[in-house]
Amino acid sequence: QVQLVESGGGLVQAGGSLRLSCAASGSISSVNSMGWYRQAPGKQRELVATMTSRSSTNYADSVKGRFTISRDNAKNTVYLQMNSLKPEDTAVYYCNFRNTWAVVGTEDSWGQGTQVTVSS
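This one's a predicted model, so the numbers in the text were calculated from it and none came from an experiment.

Caption draft 1: Representation of the state of the cysteines in the model. Inspection of every chain in the model, using the stated rule, returns one disulfide. A sulfur-sulfur distance of 2.0 Å marks the disulfide that ties C22 to C95. Between C22 and C95 the disulfide shows an S-S torsion of about -85°. By sign, it is left-handed. Highlighted residues: C22 in strand β3 (residues 18-26) and C95 in strand β9 (residues 91-101), separated in sequence by 73 residues. Take C95: its relative accessible area is 0%, and that puts it in the buried class.

As structure tokens, then:
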């Protein structure tokens with residue numbers, strides 16, 4: 001089991017910036033992925049950005065060029081720098097940690113979610 005503690009959400013005007021952080025603790029495999037998903041009211045949860053333990057990244061098309069994911073492996077912490085925010089970025093953002101184990105396979109853990117609201 002992995003425990004995740006998120007921080008950094010809030011209210012910002014369109015065009016502004018926010019930085020989300022998520023610290024992981026617990027049983028962590030050397031092969032893993034950390035990232036962010038979001039869920040707006042009435043919509044399904046969607047991928048925002050992920051980064052593997054080997055620094056491979058994946059971004060949703062809607063955030064490419066505006067959001068940057070990074071991680072500090074020594075601290076088991078992932079960051080999401082969000083620039084040029086738009087009202088459509090408003091959602092609850094969830095941190096995800098995916099362990100990959102040789103025998104068990106993948107195992108997902110989720111944070112409690114942090115609200116990001118972008119006003120127009």
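Caption draft 2: Highlighting the side chain of R71. Inspection of the secondary structure puts R71 in strand β7 (residues 67-72). For the buried R71, no salt bridge is present, and the opposite-charge side chain at shortest range is D72, 8.2 Å distant. Polar side-chain contacts of R71 include one of 2.7 Å to the side chain of N32. Reaching out from R71, the side chain makes a polar contact with the side chain of N73 at a distance of 2.7 Å.

Caption draft 3: Main features of the pairing of strand β1 (residues 2-7). Only one face of β1 is covered, namely the one carrying V2, L4 and E6; the face carrying Q3, V5 and S7 has none of its residues buried. Note that β1 and β3 share six bridges and pair antiparallel. In the strand pairing of β3, L4 is matched with A24.

What counts, and at which threshold
- Residues numbered from 1 in each chain as written.
- Predicted model: local features only at pLDDT ≥ 70, side-chain atom pairs only at ≥ 80, totals over all residues.
- Heavy atoms only, no water.
- Disulfide = S-S within 2.5 Å.
- Helix = DSSP H or I, 4+ residues; strand = E, 2+ residues; numbered from the N terminus.
- Buried < 20%, exposed > 50% of the residue type's maximum accessible area, 1.4 Å probe, protein only.
- Lys, Arg positive; Asp, Glu negative; His and termini not counted.
- Salt bridge = Lys/Arg side-chain N within 4 Å of Asp/Glu carboxyl O.
- Polar contact = N/O pair within 3.5 Å; in protein donor to acceptor, adjacent residues only side chain to side chain.
- Pairing = 2+ DSSP bridges.

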